Amino acid sequence: MGENTIRSLSGAVYILLLIVGTQTPYSTLLLFGCFLIITTYEFCNLISIRKIAPILLGILGMLNLYFVPLKQSVVLFLLLFALLVALFLMFYLFKNKNFPLHFTARHAILFGYIIFPIVLITQIPNILSENVITILDVFIIIWVNDTFAYLVGKKFGKRKLFETISPKKTVEGFWGGLVFALIAGLIISFFKSNLPWYVALIFAITISFFGTCGDLIESKFKRMAGVKDSGKIMPGHGGILDRLDSIIFAAPFLVLLLEIIKFLH
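One structure accompanies this document, and this report is about it. Just so it is clear, the model here is predicted, and its values are computed rather than measured. (Residues numbered from 1 in each chain as written. Predicted model: local features only at pLDDT ≥ 70, side-chain atom pairs only at ≥ 80, totals over all residues. Heavy atoms only, no water.)

Turning our attention to the overall build of the protein chain. A tally of regular secondary structure across the protein chain gives nine helices and two strands. Counting from the amino terminus, the protein chain carries its helices and strands in the arrangement α-α-α-α-α-α-β-β-α-α-α. Relative to the 2.2 N^0.38 estimate, which gives 18 Å for 265 residues, the radius of gyration of the protein chain is 18 Å and therefore close to what a compact globule would have. The 265 residues of the protein chain split such that 52% are buried. (Helix = DSSP H or I, 4+ residues; strand = E, 2+ residues; numbered from the N terminus. Rg over C-alpha atoms; globule rule 2.2 N^0.38 Å. Buried < 20%, exposed > 50% of the residue type's maximum accessible area, 1.4 Å probe, protein only.)

Here's what the structure looks like:
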């Protein structure tokens, strides 16, 4: 079986898992609980940290969510912590410096960059009224952004976006991905009468920008670790973290945006 065939089959299984796994609140928690365990394991490998305690805490957190919905105060705490870590990582990304990985920083990054954002992803459908924004909507916009960033960049790309971290990404590709992400957001809002078009556009811009940052940040972690992929669980694609890096990083900013919209309404 050829490499492209294996990659396509692996990607199809991943997409099917997301479609099926996000149909109910409990299946969403189960799916993202599995994602949390795998991505925690992969990220601990990248930054050379012991895995058992973080994985156990992640499992306990997801089990708790299964039986008891998160209180608003807890969501806001997770959000604030994740946002601070995200801004910290962006500072080092744009300064073109290696991330500090001393003991305290490693554990803060693990929770603020991986564990808390995955928990926040599961809360996205609950912030506004039911089905205004679903997790699948977020993934669709990310897939469209990534696909067209690649296609436009391959066809028209000349200026490198962040050559030292991801040589294949281009400025033209970024703008191409953004434009098509906006189109995807408009199409989604067209089929949802309770989702205003301007909210969908803001949502798409947030996903496109911070999703790209998340991709670059994970690439930087891999470069620092001297590896090509975060794992090998998905043949032809790498690890689960390689597939979720965009949404994991964008999640706190998406939740913040939804909380602001909720407050204004």
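So, about empty space enclosed by the protein. One water molecule sets the probe size; rolling that probe over the atoms shows where empty space is left. Following the criterion strictly, the structure yields two cavities of 30 Å³ or more and no others. Computed from the structure, the largest cavity encloses a volume of approximately 40 Å³. Forming the walls of the largest cavity are I133, D137, I141, G185, I188, L195, A200 and F203. Looking at the lining of the largest cavity, the elements that each hand over two or more residues are α6 (135-156), α7 (171-190) and α8 (197-225). Residue classes in the lining of the largest cavity are distributed as six nonpolar, one polar and one charged. (1 Å grid on protein atoms, 1.4 Å probe; cavity = no way out; pocket = protein on both sides within 12 Å on 5 of 7 lines; lining within 4 Å. Points joined across faces, edges and corners; volume = space filled by probe spheres on them. Nonpolar A, V, L, I, M, F, W, Y, C, P; charged D, E, K, R; others polar.)

Topologically, L93 is positioned in helix α4 (residues 72-94). Judged by relative accessible area, L93 falls into the buried class, the value being 0%. Sequence spacing of L93 and I165 is 72 residues, and the spatial spacing of their C-alpha atoms is 9.3 Å. Not counting the four nearest positions on each side in its chain, L93 is found in contact with F99, F162, I165, C213, L216, I217 and K220. (Contact = heavy atoms within 4.5 Å.)

Here we come to the packing of aromatic side chains. Here the structure, examined in full by the defined rule, presents 22 aromatic pairs. With a centroid separation of 5.4 Å and 75 degrees between ring planes, the pair formed by F174 and W175 is classed as edge-to-face. By relative accessible area, F174 is classed as buried at 17%. Grouping aromatic residues by their ring pairs yields a cluster made of F43, F99, Y113, F209, F210, F221, F249 and F253. One residue, K220, lies across the ring of F99, its end atom 5.8 Å from the ring centre. (Phe/Tyr/Trp six-rings, centres within 6.5 Å; stacked < 30°, edge-to-face > 60°. Lys NZ or Arg CZ within 6 Å of the ring centre and 35° of its normal.)

When the terminal C-alpha atoms of α7 are compared, their 29 Å separation across 20 residues agrees well with the 28 Å that a helix rising 1.5 Å per residue should span. Buried within α7 are the following residues: V171, E172, G173, F174, G176, G177, L178, A181, A184, G185, I188 and S189. Close packing links the buried residues of α7 with α6, β1 (160-162), β2 (166-170) and α8. (Expected span 1.5 Å × (residues − 1).)

A few words now on helix α5 (residues 103-127). Taking 1.5 Å per residue, 25 residues should reach 36 Å; α5 reaches 34 Å between its end C-alpha atoms and fits that length. At P117, α5 is deflected by roughly 35 degrees, the largest bend along its length. Of all the 25 residues making up α5, 18 are buried; the element is thus mostly covered by neighbouring parts of the structure. (Bend = angle between axes of the 7 residues up to and from the residue.)

To continue, consider a nonpolar patch on the surface. Where nonpolar side chains cluster on the molecular surface, the patch consists of I37, I52, L56, L57, I59, L60 and L63 and spans about 640 Å² of accessible area. Considering each element in turn, the nonpolar patch owes the most residues, six residues, to helix α3 (residues 52-67). Take L63: it is sitting in helix α3. Note on L63: relative accessible area 45%, which makes it partly exposed. (Patch = residues over 30% accessible without salt bridge, like charges linked within 9 Å, V, L, I, M, F, W, Y side chains within 5 Å. Areas by Shrake-Rupley, 256 points an atom, 1.4 Å probe, with all protein chains shown as cover. Salt bridge = Lys/Arg side-chain N within 4 Å of Asp/Glu carboxyl O.)

Summarising the sheet, β1 and β2 pair through two bridges and their orientation is antiparallel. The residue of β2 that forms the bridge with F162 is S166. Where β1 hands over to β2, the hairpin turn is made up of three residues, counted between the paired strands. (Pairing = 2+ DSSP bridges.)

This part is about the packing of helix α2 (residues 25-47) against α5. Two numbers describe how α2 lies on α5: the axes approach to 10 Å, and their chain directions differ by 165 degrees. Accordingly, the angle class assigned to the pair α2 and α5 is roughly antiparallel. The chirality of how α2 crosses α5 is right-handed. Residues T28, L29, F32, F35, L36, T39, T40, F43, C44 and I47 of α2 touch α5, and the partners they reach there are R106, I109, L110, Y113, I114, I115, I118, V119, I121 and T122. (Axes fitted to C-alpha atoms, helices over the stretch in contact; angles between N-to-C directions. Parallel < 35°, antiparallel > 145°, perpendicular 65-115°, else oblique. Left-handed = near helix turned anticlockwise from the far one by under 90°.)

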